[in-house]
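Reading the structure
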Amino acid sequence: MDAVDIFFNADVMRRAFPILLRGLGMTLALGVTAIVMGTALGVGIALMRLYAPKPLRLFAVLYTDLMRAMPVLVVLILIYYALPFAGVVLSSFAAAAIALSLVLGAYTAEVMRAGIQAVPKGQFEAAAALGIHFWLAMRKVVLPQAMRIVIPPHASNCVSIIKDTSLASVVAMTDLLKQATDAQALFANPTPLIGAALIYVAILWPLVRLTGWLEQRFQRAYQR
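Residues numbered from 1 in each chain as written. Predicted model: local features only at pLDDT ≥ 70, side-chain atom pairs only at ≥ 80, totals over all residues. Heavy atoms only, no water.

Just so we agree on the cut-off: UniProt positions are given in the numbering used here, feature names are shortened, and annotations may be inferred rather than shown by experiment.
The name recorded for the protein chain in an unreviewed UniProt entry is Amino acid ABC transporter membrane protein (PAAT family), from Gemmobacter caeni. Per UniProt, the protein chain has the following entry under Sequence similarities (unreviewed entry): "Belongs to the binding-protein-dependent transport system permease family. HisMQ subfamily."

Printed below as a string of structure tokens:
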């Protein structure tokens, strides 16, 4: 059997492709869920770290440090396998979504904090002089400016989280990688794994190029 029949078997790929598409749907659903939840959490943690009372600021620092230091796989395993001992049983999708959201939230918090602190303090003072209260100034004046700084690194973090969705296969979630490994066992051929790898590249490569374009675009905007 030659290498083409082993790794690029057209018949196996034809039969495995619908299985891979089902896994792709779960992967995309998990990625979108984690990005939405992680972004919202990160913004909240960033604001907590900057403007909350000291105990909450310390909690925000501890949270971001721990989540950034801990591997995503460890967080996922703790949530899926350890929480049941405390009576909290989660589905594989829920556990993976929570784990990825917690990790992305920590990175988003640091990016947002840096973005907010980069906005000149005079913006707050000007808003206060116009009688705009703090949170309205934050929403209408500061955050829109901070987003210009935040978007490129945050987009890069989101791409990393989408890649990390493959870790969900460890807790038996039927994502793209899990479906590919099951199909590989079913057909006794590695072609489904090659197909899954190509699907990941087809999805993530344009996103990687997009983040590069965003970085260049916002860098030029700041140099003007």
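Digging into the overall build of the protein chain
Test applied: Helical segments are the DSSP runs of H or I of at least four residues, strand segments are the runs of E of at least two, and each set is numbered from the N terminus. The cut-offs for exposure are 20% and 50% of the maximum accessible area for each residue type, with area from a 1.4 Å probe on protein chains only; residues under the lower value are buried, those over the upper are exposed, and the others partly exposed. Throughout, a contact is declared for two residues whenever any of their heavy atoms are within 4.5 Å.
Each helix and strand counted, the protein chain has nine helices and zero strands in total. When the elements of the protein chain are put in sequence order from the N terminus, they spell out α-α-α-α-α-α-α-α-α. Taken along its principal axes, the extent of the C-alpha atoms in the protein chain is 75 × 50 × 25 Å. Counting across all 224 residues of the protein chain, residues that qualify as buried make up 38%. Sequence-distant contacts in the protein chain: of pairs separated by 6 or more residues, those separated by 24 or more amount to 76%.

Concerning the packing of aromatic side chains
Rules: Note on aromatic contacts: the rings of Phe and Tyr and the six-membered ring of Trp form a pair at centre separations within 6.5 Å, being stacked when their planes are under 30 degrees apart, edge-to-face when over 60 apart, and tilted otherwise.
Per the stated rule, a full pass over the model turns up one aromatic pair. For the pair Tyr80 and Tyr81, a centre-to-centre distance of 4.9 Å together with 90° between the ring planes defines the contact as edge-to-face. Residue classification places Tyr80 among the partly exposed residues on the basis of a relative accessible area of 23%.

Side note on the environment of Ile116
Its location among the elements puts Ile116 in helix H5 (residues 92-118). For Ile116 and Val150, which are 34 residues apart along the polypeptide, the C-alpha to C-alpha distance reads 8.8 Å. Apart from the residues lying within four places of it in its own chain, the contact partners of Ile116 are Leu47, Leu50, Tyr51, Met138, Val142, Leu143 and Ala146.

Here we look at the packing of H5 against helix H7 (residues 134-164)
How we decide: Where helices are involved, their axes are fitted lines through C-alpha atoms of the stretch in contact, as for all axes, and angles between N-to-C directions lie from 0 to 180°. Less than a right angle of anticlockwise turn of the near helix away from the far helix marks a crossing as left-handed, whereas a clockwise turn marks it as right-handed. Note on residue classes: Ala, Val, Leu, Ile, Met, Phe, Trp, Tyr, Cys and Pro are nonpolar, Asp, Glu, Lys and Arg are charged, and everything else, Gly too, is polar.
The interhelical angle for the contact between H5 and H7, taken along N-to-C directions, is 145°, at an axis separation of 8 Å. When the axes of H5 and H7 are compared, the crossing they make is right-handed. Tallied by class, the residues present in the contact of H5 with H7 amount to 17 nonpolar, four polar and one charged.

Overview of the packing of helix H2 (residues 10-51) against H7
Note the threshold: Convention used here: angles under 35 degrees read as roughly parallel, angles over 145 as roughly antiparallel, angles from 65 to 115 as roughly perpendicular, and any remaining angle as oblique.
Look at H2 against H7: their axes get within 11 Å of each other, and the N-to-C directions meet at 130°. The angle between H2 and H7 places the two elements in the oblique class. Every pair of crossing elements has a handedness; the one defined by H2 and H7 is right-handed. Contact residues: H2 offers Ala34, Ile35, Thr39, Leu47 and Tyr51, while H7 offers Phe134, Trp135, Met138, His154, Cys158, Ile161 and Ile162.

Side note on the confidence of the model for the protein chain
To keep it simple, the criterion reads: Residue-level confidence of the predictor is summarised by pLDDT, bounded by 0 at the bottom and 100 at the top.
Overall, the prediction assigns the protein chain a mean pLDDT of 90, with 97% of residues at 70 or greater. The element-level mean pLDDT for the protein chain is lowest in helix H6 (residues 122-129), coming to 76, with helix H3 (residues 54-69) highest at 96.

Some details on the pattern of salt bridges
Here is the rule we go by: One speaks of a salt bridge when a side-chain nitrogen belonging to Lys or Arg is within 4 Å of a carboxyl oxygen belonging to Asp or Glu.
Evaluation of the coordinates by the stated rule reveals six salt bridges. Measuring nitrogen to oxygen at the nearest pair gives 3.2 Å for the salt bridge that ties Arg15 to Asp11. Placement of both Arg15 and Asp11 in helix H2 is noted, with a separation of four residues, approximately one turn of the helix. When its relative accessible area of 40% is taken as the criterion, Arg15 is described as partly exposed.

A few points about the UniProt feature "domain: ABC transmembrane type-1" (unreviewed entry) in the protein chain
Here the UniProt feature "domain: ABC transmembrane type-1" (unreviewed entry) sits at residues 24-211. Strand forms 0% of residues 24-211 and helix 82%; the C-alpha atoms that close the span are 22 Å apart.

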